[in-house]
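# Secondary and tertiary structure notes
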Amino acid sequence: MEPCSYTISQAHDLLKKRKLSAEELLRSCIKRVENVDQSLNCVVHRNFDSALTEAKKLDTSGNFDSPLSGIPYLAKDVFCEKGVPTTACSNILRDKDYLPPFDSTTTKRLKTAGAISFGKVNTDEFTCGGSTESSCFGVTKCPWNLERVSGGSSGGSAAAVSADECLFALGTDTGGSIRQPAGYCGCTGIKVTYGRTSRFGVMSYASSLDTIGTLAKTVEDAALILQTMAGKDPLDGTTSSVPVPDYFSSLHTSIKGLKIGLPKEYFIEGADPEVIASVRAAAKIFESLGATVTDISLPHTTYGVATYYVIAPCELSSNMARYDGVRYGHTVPHPENLLDYYERVRSEGFGAEVKRRIMIGTYALSAGYFDQYYRKAQKVRTLVKKDFEDALQKVDVILTPTAPTPAFKIGAHTDNPVQAYLEDAFTIPASLAGLPGLALPCGFSSGNLPIGIQLIGPQFREDLLFGVGHAFQQETDWHSRKPKL
Ligand code: GLN
């Protein structure tokens, strides 16, 4: 087994015993990137030399006490790292590489814990999408089938983890961007409670929904990473001061007597029968571990997609206003006047999907339409949130598929963005409610494509989700299957 395919726990054990060096581990990941990334297109910026310097420093110091010390990872291309090009996979920042003068809180905390960032991975432009097809670097392919998407927007992160290019990757999740690609690529992804992790230094999409999380090979690894990432950050006023529990010890809690709810709105006709069958089989495994499974209802689920696709574009349109080509990013020569400058910078810099959303958002926020769309959407959002509150009085966690289908073909939705938006139907509701969701592999389709489950829990109960997910991974081996590349 090559070191790049280790889990964090396996690598940590060997690093600590000095049976593996941080440099060997990193070189193994770099070699893997060099061997497979030409066909996958995950890595959009390589930071290998400075990462190797870090690894050598760690080897000399011999300090491998922290579980993340010497662990190589890749960051979605929206995490600012000082001096490292960060583009949100948009021409508006790529043209004249944006070099952040500071670190995001997450990458800073990881650095303090000894983790080594060695590159940036692909995302849909400004994380708008579910396939990486809107990236200015082109699509990331699914490691299980190169004709299919890896999902998105954290598709580069999910594919890189599943292909063993790194030990873990950072992602962001606004409406499903960690959970859906985790499902498509067969890895584990945690979307946290809104406010659990700091967003400082991460490029925004929709500020009332954005969360920072991670994609990993196992639930155990995800718990170790979140331990370092989570918690109050003075630089992000939306982070919560709710104490961060010890995620590692919560992995070993028994799930006997745990109540799991299956919401009937997620087991509908439009969903692929193989997906439904795999999720039901997962429910059986939980039952065999002593949990009770009951049917529940989340009646406003059907309004989730429409609600989200008003709120998210509105907030995007406001967040994108800062990209004006004046302070950084794309510029154009010889403008006639300021307006001409803005128009040309933004029409050349932004891609079609981001433009579409800026237009929808600006329209829905304009005087006269605000009440009709944005305010109305916020009201429906409250109803969606209330559905979960009611359901979580009756059950401890909710079990659903991560997406209605396995990874779709590249280009399948190019002519029909609304069809693409429907792929998010199962991840959006928990995002609207600000709840944590854990995605993990639960099977394969007859075409050998991964299928994922999502566990949704109460606010700030990532610990509970980790416990339930870990119990599942102790009983199954879906998470240890590898794509042939
Ligand atoms: N696919 C969803 C969208 O396009 C979710 C994206 C995300 O979570 N960043 O908005």
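This is a predicted model, so every value here is computed, not measured.

This part is about the overall build of the protein chain. Secondary structure summary: the protein chain contains 17 helices and 13 strands in total. In terms of overall size, the protein chain behaves like a compact globule, its C-alpha atoms giving a radius of gyration of 21 Å where 485 residues would be expected to give roughly 23 Å. Across its three principal axes, the protein chain shows a C-alpha extent of roughly 70 × 55 × 45 Å. In the protein chain, which comprises 485 residues, the share counted as buried stands at 61%. Expressed as a percentage of contacts within the protein chain between residues at least 6 apart in sequence, the contacts between residues at least 24 apart total 76%. Surface summary for the protein chain: the accessible area is close to 18400 Å², and the carbon and sulfur share equals 53%. One finds the centroid of the 50 positive side-chain charges in the protein chain at a distance of 3 Å from the centroid of its 53 negative side-chain charges.

Lining the immediate environment of the ligand, one finds 15 residues, of which T174, G175, S177, Y205 and Y308 sit closest. At a separation of 2.8 Å, an oxygen atom of the ligand approaches a polar side-chain atom of R357. For the ligand, the accessible surface in isolation is 290 Å², of which the surrounding protein chains cover 99%. Grouping the constituent residues of the shell around the ligand by class yields 4 nonpolar, 8 polar and 3 charged.

Turning next to a nonpolar patch on the surface. On the surface, a nonpolar cluster with roughly 270 Å² of combined accessible area is contributed by Y363, Y369 and Y373. By the element assignment, Y373 lies in helix 14 (residues 371-394).

Inspection of every chain in the model, using the stated rule, returns 20 aromatic pairs. Ring geometry for Y309 against Y421: centres 3.9 Å apart, planes inclined by 15°, an arrangement best described as stacked. Here Y421 lies in helix 15 (residues 417-422) and Y309 lies in helix 11 (residues 304-319), a separation of 112 residues in the sequence. The class for Y309 is buried, based on a relative accessible area of 12%. Members of the aromatic cluster, joined through ring pairs, are Y98, F126, Y323, Y328 and F350.

A separate point is the pattern of salt bridges. Using the criterion set out here, one finds 20 salt bridges in the structure. Among the salt bridges present, the one from K120 reaches E81, with a minimum N-O distance of 3.2 Å. Within this pair, whereas K120 is found in strand 3 (residues 116-121), its partner E81 is found in the loop between strand 2 (72-76) and helix 4 (91-94), the two being separated by 39 residues in sequence. Taking relative accessible area as the criterion, K120 reaches 0% and is therefore assigned buried. With a relative accessible area of 8%, E81 lands in the buried category. The closest approach of N and O atoms between K385 and E389, which form a salt bridge, is 3.0 Å.

Cut-offs used in this document
Residues numbered from 1 in each chain as written. Predicted model: local features only at pLDDT ≥ 70, side-chain atom pairs only at ≥ 80, totals over all residues. Heavy atoms only, no water. Helix = DSSP H or I, 4+ residues; strand = E, 2+ residues; numbered from the N terminus. Rg over C-alpha atoms; globule rule 2.2 N^0.38 Å. Buried < 20%, exposed > 50% of the residue type's maximum accessible area, 1.4 Å probe, protein only. Contact = heavy atoms within 4.5 Å. Areas by Shrake-Rupley, 256 points an atom, 1.4 Å probe, with all protein chains shown as cover. Lys, Arg positive; Asp, Glu negative; His and termini not counted. Charge placed at Lys NZ, Arg CZ, Asp CG, Glu CD. Near = heavy atom within 4 Å. Polar contact = N/O pair within 3.5 Å; in protein donor to acceptor, adjacent residues only side chain to side chain. Nonpolar A, V, L, I, M, F, W, Y, C, P; charged D, E, K, R; others polar. Patch = residues over 30% accessible without salt bridge, like charges linked within 9 Å, V, L, I, M, F, W, Y side chains within 5 Å. Salt bridge = Lys/Arg side-chain N within 4 Å of Asp/Glu carboxyl O. Phe/Tyr/Trp six-rings, centres within 6.5 Å; stacked < 30°, edge-to-face > 60°.

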